Amino acid sequence: MDEPSLAARIRVVLVGTQHPGNIGSAARAMKTMGLSRLALVAPERYPHADADALAAGAGDVLAAATLHADLAAAVADCTLVLGCTARSRRVPLPEHGPREAAAMALDEAAGGGEVALVFGRERTGLENDELQLCHAAVHIPANPDYSSLNLAAAVQVLAWELRSAMLGRAPAAQVEPRDPPASHAQLEGLFAQLAETLDAIDFHKGRAPESAMRKLRRLFLRSRLDAREVRLLRGVLADAQRMARLAGGGEHP
Ligand code: SAH
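Conventions we followed
Residues numbered from 1 in each chain as written. Predicted model: local features only at pLDDT ≥ 70, side-chain atom pairs only at ≥ 80, totals over all residues. Heavy atoms only, no water. Axes fitted to C-alpha atoms, helices over the stretch in contact; angles between N-to-C directions. Helix = DSSP H or I, 4+ residues; strand = E, 2+ residues; numbered from the N terminus. Parallel < 35°, antiparallel > 145°, perpendicular 65-115°, else oblique. Left-handed = near helix turned anticlockwise from the far one by under 90°. Contact = heavy atoms within 4.5 Å. Pairing = 2+ DSSP bridges. Buried < 20%, exposed > 50% of the residue type's maximum accessible area, 1.4 Å probe, protein only.

S.K.: Looking at this model, I keep getting lost on the packing of helix α2 (residues 20-32) against helix α8 (residues 151-167). Mind explaining?
M.R.: Two packed helices can be described by the angle between their axes and the distance between those axes. Between α2 and α8, the least distance of the axes is 9 Å, while the angle of their chain directions is 15°. Relative to α8, α2 is oriented roughly parallel. Our pair here, α2 against α8, has a crossing hand that is right-handed. For the pair formed by α2 and α8, the contact residues are Asn22, Ser25, Ala26, Ala29, Met30 and Thr32 on the first element and Leu151, Ala152, Val155, Gln156, Ala159 and Arg163 on the second.

S.K.: Would you mind showing me how to read the sheet that holds strand β5 (residues 95-96) here?
M.R.: Whether parallel or antiparallel, the strands of a sheet pair through hydrogen bonds between backbone atoms. Here seven strands make up an open sheet; going across it, the order is β3-β2-β1-β6-β4-β7-β5 and the pairing parallel. With partners counted over all chains shown, the strands left at the sheet margins are β3 (66-68) and β5, one partner each. Of the pairings in the sheet, the one linking strand β1 (residues 10-15) to strand β6 (residues 115-119) comprises five bridges and is parallel in character. Its bridge partner lying in β6, Leu14 is registered against Phe119. Most of the contacts of α2 go to strand β2 (residues 37-41), to which it runs at about 160°, and overall it touches β1 and β2. Lying on the sheet, helix α6 (residues 98-110) is in contact with β1, β4 (80-84), β5, β6 and β7 (136-138); it crosses β4 at an angle near 160°.

S.K.: Can you walk me through the environment of Gly24 in this structure?
M.R.: Along the chain, Gly24 turns up in helix α2. You can call Gly24 buried: its relative accessible area is 0%. Each C-alpha atom, one on Gly24 and one on Ala51, is 4.1 Å from the other, the two residues being 27 residues apart in sequence. Excluding anything up to four places from it in sequence, Gly24 contacts Ala51, Leu54 and Ala55.

Set out below in structure tokens:
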């Protein structure tokens, strides 16, 4: 797959951006590196003259940006969601450096997947429930005493790593085609049914369900299920739910 078609499968998602100038600078950072798909999740002030001013020649990237109410909506069709975080190892997710993340993103795009690189708010970054939607975290190993880059600067580092990896990509490095990977929405459907099933089989026995669900989410996100595997697991869960109903019916005739 050539460079523009790989880039077309990779989007930058900015969540809850506070300064509109950063949205413009991020668009410029993207365009200089050959990326054009920008998704904005609930920006605080947008559209805004500062965004246009700082985008400079990347006004087309801004004009084509999509707006979303929440992160789940912005990544619903994605098969790989990478959450960029200024704070290292604070999240229970596999963590990668920017170079490794760029290689993962390109492999995914070359295999026909859709990739999101997600960036958080200037003041508070990404919230925990937003990180839970991600397959992995990306941390730029900056100065440990001051590791928080400006939002658009962080976009620039990731966009450069993607470009550098695209330019260095030998045709032989293309990955084997595989079954279509599960989309984010398909995985969320699986997680919802899993939560219902755990309740139905009384798995939690009075314990709070959140901790088990967090670990199970992590396990399934890490294993990169394809769409067929999600259907298989949902079939297993449907049978478990049916058996639980039968067993429940037996107790209370
Ligand atoms: N005070 C916030 C910093 C947010 S900086 C915090 O502690 O989380 C805004 C965004 O830029 C972050 O959410 C992240 O997506 C990105 N970013 C900044 N520095 C980064 C770093 N060292 N590695 C990866 N992403 C970073």
